[in-house]
Each structure stands twice: as structure tokens, then as C-alpha cells.
Amino acid sequence: MNEDPDFNINDQWILSKRGRKNTVNPRKPYAWLVEKERTASGRLEDTAIIFLTNRECSFHCLMCDLWKNTTNVSIPAGAIPKQIEWALKQLPEARNLKLYNSGSFFDERAIPEEDYKSIASLVKNFETVIVESHPRLINEKCLIFRDMLKPDLQIALGLETVHTEVLRKLNKQMTLEDFRNSVSFLTQHGILSRAFILLRPPFLSESEGIFWAERSIDFAFSAGVECCTVIPVRAGNGAMDLLMEKNYFAQPDILSLETVLEYGIRLNSGRVFADVWDLGMFSSCKKCIDKRTNRLITLNLNQKITSPIRCTCSS
Ligand code: SF4
Ligand SMILES: [Zn+2]
């Protein structure tokens, strides 16, 4: 695996590699669903997820493909509450709600503060509301929103990796200190946080990918997060495809995701989940992919280690 690219990875380079965005409608979320999740208190509960349509994130991280379902300009005040209202009518009842906006909930250019009150009123019957944010956008605005909410607020923050050189190359514009400070701020104010952690970002071999994902879980829990979600890094956003072509990046194997998830669950420091979206792309073995996917889902739900899958691909 090549480590040092002979080009500068910055906003301009990343943006220049992008393809087209999908067509989205600012009056509707771009996706919505309900899934089961183990809660912090250990119950299995339905969690609704609304993927809000809004202006693309102000950051441009190397591995991010969330821009595909965003608008180029800010959407009008009132549009986000309308999207939530519409989605809640489509969705079955659930106790918890994730409002994911392909960026940061507390980015004023994505979700205007004047919408907080209507959002809080629409979600008042949930027990928990989970939003996502770049760690550097954690500040008093989170408390303003929290104070309007009846449900508990949780905030998901991208830690990505504690490999500092790779973190810099990811163009996340964040230090580990920024992450730690944001988690402490939230903890001091009684807000639970969860960390998104990448499995095998660019410039790492498969074994280094496992090692740094595990160290990132250690760091996230020591910083005070309650929960970690491990996300296998994929190509598909232009920049990552080019890095893959030039041997700076390869997608991780599903076996590594199992290894890291087992490590995280065994720590017993908080919930650890694996992102199980489209896992087929992380396996070349048709014989065991379904079994491995089901095992990962079971590990996510029960937070208990089950027997490993035996297959010729892992012997
Ligand atoms: S902060 Fe999050 S949403 Fe924004 S570019 Fe980075 S990974 Fe994507
Ligand atoms: Zn197999």
C-alpha cells in the first residue's frame, strides 16, 4: 500500500474528483426507515431514521460520499420541520429517532436555528433523538436545542481514526484534542455521544486498518463516548476511487469488520456497532457473505460474541 501521495489532498482536489449529485427534493427527506437497535439501557427498540435533505456539509472529508444527496444552497427555514412531519407520517411508531442530515445538525447553513422549536415539537413523543455533527460544531447551540427537547438528546460525532497522519490526510479539519473537548463538553452537559470510526481508511494495510480501528475505539471510550459505530470505508465518491486505482486505498474485508466489532464488544465499555450497509462489497466469498452479514447484525443487536463463521475463505 502506498502511503505518501505525490499530490496535495485538499478541498479543491477532493471536489474536483466528484461525480454528479443525485436529484433531491428539499421538501422531502431522501430516505427514511425503522431499524432495531440496542439502547444504552440494554433494550432492543425500534429506531426511526430520517435522512434529511439539506445543503451539503461545509467540510469536505476525503472519504465522504454524503454530499451525493444534498443541495448546493441552503434550503428555506421551515423546510426541515416539513420533511420531518412528512416522514413521520410514513413511518411506523418507534421509540427513538435519528435525524441524520449528511453533515452537521448544528451547521447554521444546513439547519437554521429558527427551525429548532418546530423540530422539538414534532419529535416530542420519542424517548431519544440522535443527531450528527462535526466535533468542531459542538457548542452552546447544542444546549439551546437540548433545552427545547422533551426526548433525551444524543449526538454522533465523526472521530474517523486516531492515526493522526491519516486523520490529517482525510481533510477532516479536526485534531484528536478537538474530538476529546467536544465529547467532554457534551458529557459535562449530560448529553451522550457516539463516535463514528472508520475501518481501513486510505494509506493503511488490512492489518493496520484493524489495529487503528481498535485504537480509535479505545480512544473514543476514553474520551467519554457511550457508543461507537465502525464503518468500513468504501470507494464511490470519486476521490476514493482514484486513491484505489493508485494503490493508496483498498476496501476492507468483512472478516476485519467482524474482528474489530468483536474487539469493541469484548471491551465492555459501551455499545459497539458495525455499519452493515451493503456488506457484499467487502467480501469476495459468495458462500459465507449472508451468514457473516447475519452474524454482524446479531452481534450489533445482542452485544454478545457468537461462534465464528467457518468457511474456506477464512481457513
Ligand atoms: S464532516 Fe461528516 S458529512 Fe461532512 S464531509 Fe466530513 S464526513 Fe462528510
Ligand atoms: Zn467464505
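Residues numbered from 1 in each chain as written. Chains lettered and ligands numbered in written order. Predicted model: local features only at pLDDT ≥ 70, side-chain atom pairs only at ≥ 80, totals over all residues. Heavy atoms only, no water.

Caption draft 1: View of unusual backbone geometry. Phi at Asn171 takes a positive value of approximately 65°, unusual for a residue other than glycine. Even without glycine at this site, Phe203 takes up a positive phi of about 75°. Using a relative accessible area of 3% as the deciding quantity, one classes Phe203 as buried. (Buried < 20%, exposed > 50% of the residue type's maximum accessible area, 1.4 Å probe, protein only.)

Caption draft 2: Just the pairing of strand β3 (residues 96-100), in detail. In terms of burial, β3 is a largely internal element, 5 of the 5 residues being buried. Both faces of β3 are covered, namely the face carrying Asn96, Lys98 and Tyr100 and the face carrying Leu97 and Leu99. Pairing between strand β2 (residues 44-51) and β3: 5 bridges, direction parallel. Its bridge partner lying in β3, Ala48 is registered against Leu97. Remark: the β2/helix α2 (residues 79-90)/β3 crossover connection has right-handed handedness. Note: β3 against strand β4 (residues 128-133), 4 bridges, orientation parallel. Residue Lys98 lies in a different strand from β4, and its bridge partner there is Ile130. Taken together, β3, helix α3 (residues 116-122) and β4 form a β-α-β motif whose crossover is right-handed. (Helix = DSSP H or I, 4+ residues; strand = E, 2+ residues; numbered from the N terminus. Pairing = 2+ DSSP bridges. Right-handed = clockwise from strand over helix to strand, strands pointing away.)

Caption draft 3: Geometry of the packing of helix α9 (residues 254-267) against helix α10 (residues 289-302). In contact at an axis separation of 11 Å, α9 and α10 are set at 20° when each is read in the N-to-C sense. Relative to α10, α9 is oriented roughly parallel. You can see that α9 and α10 cross each other, and the crossing is left-handed. For the pair formed by α9 and α10, the contact residues are Ile254, Leu255, Leu257, Glu258, Leu261, Glu262 and Ile265 on the first element and Ile289, Arg292, Thr293, Arg295, Leu296, Leu299 and Asn300 on the second. Grouping the constituent residues of the contact of α9 with α10 by class yields 8 nonpolar, 2 polar and 4 charged. (Axes fitted to C-alpha atoms, helices over the stretch in contact; angles between N-to-C directions. Parallel < 35°, antiparallel > 145°, perpendicular 65-115°, else oblique. Left-handed = near helix turned anticlockwise from the far one by under 90°. Contact = heavy atoms within 4.5 Å. Nonpolar A, V, L, I, M, F, W, Y, C, P; charged D, E, K, R; others polar.)

Caption draft 4: How the structure looks around the coordination of the zinc ion (ligand 2). Bound to the zinc ion (ligand 2) are the protein donor atoms Cys285 (SG), Cys288 (SG), Cys311 (SG) and Cys313 (SG), situated 2.2 to 2.3 Å from the metal. The coordination sphere of the zinc ion (ligand 2) comprises 4 donor atoms, whose angles at the metal cover 99 to 117°; the geometry is tetrahedral. Motif for the zinc ion (ligand 2), donor spacing along one chain: C-x2-C-x22-C-x1-C. Of the two residues, Cys285 sits in the loop between β8 (271-274) and α10 while Cys311 sits in the segment after α10, which places them 26 residues apart along the sequence. For Cys285, a relative accessible area of 12% corresponds to the buried category. (Donors = N, O, S within 2.8 Å, 3.2 Å for Na, K, Ca; no water. Tetrahedral: all angles 85-135°; square planar, octahedral: opposite > 155°, others 65-115°.)

Caption draft 5: Just the site of ligand 1, in detail. Taken together, the residues surrounding ligand 1 are Cys57, Phe59, Cys61, Met63, Cys64, Leu66, Ser102, Gly103, His134 and Lys172. Looking at the shell around ligand 1 residue by residue, the classes come out as 6 nonpolar, 3 polar and 1 charged. (Near = heavy atom within 4 Å.)

Caption draft 6: Representation of the nonpolar core. Ranked by size, the top nonpolar core spans 66 residues in total, and within it Leu99, Ile155, Leu159 and Phe179 carry the most contacts. The dominant element in this core, judged by the number of residues it contributes, is helix α7 (residues 206-223), at 7 residues. In contact with Leu159, not counting residues within four places along its chain, are Leu167, Met174, Leu176, Phe179, Ala195, Phe196, Ile197, Ser216, Phe219 and Ala220. (Core = buried A, V, L, I, M, F, W, Y, C linked by side-chain atoms within 4.5 Å.)

Caption draft 7: Highlighting the packing of α7 against α9. Following both chains from N to C, one finds α7 and α9 inclined at 25°, their axes separated by 10 Å at the closest point. Taken together, the axis directions place α7 and α9 in an arrangement best described as roughly parallel. Pair α7 / α9 crosses with right-handed handedness. Where α7 abuts α9, its residues Glu206, Ile210, Ala213, Glu214, Arg215, Ile217, Asp218 and Phe221 lie against Ser256, Thr259, Val260, Tyr263, Gly264 and Leu267. Considering only residue class, the contact of α7 with α9 consists of 7 nonpolar, 3 polar and 4 charged.

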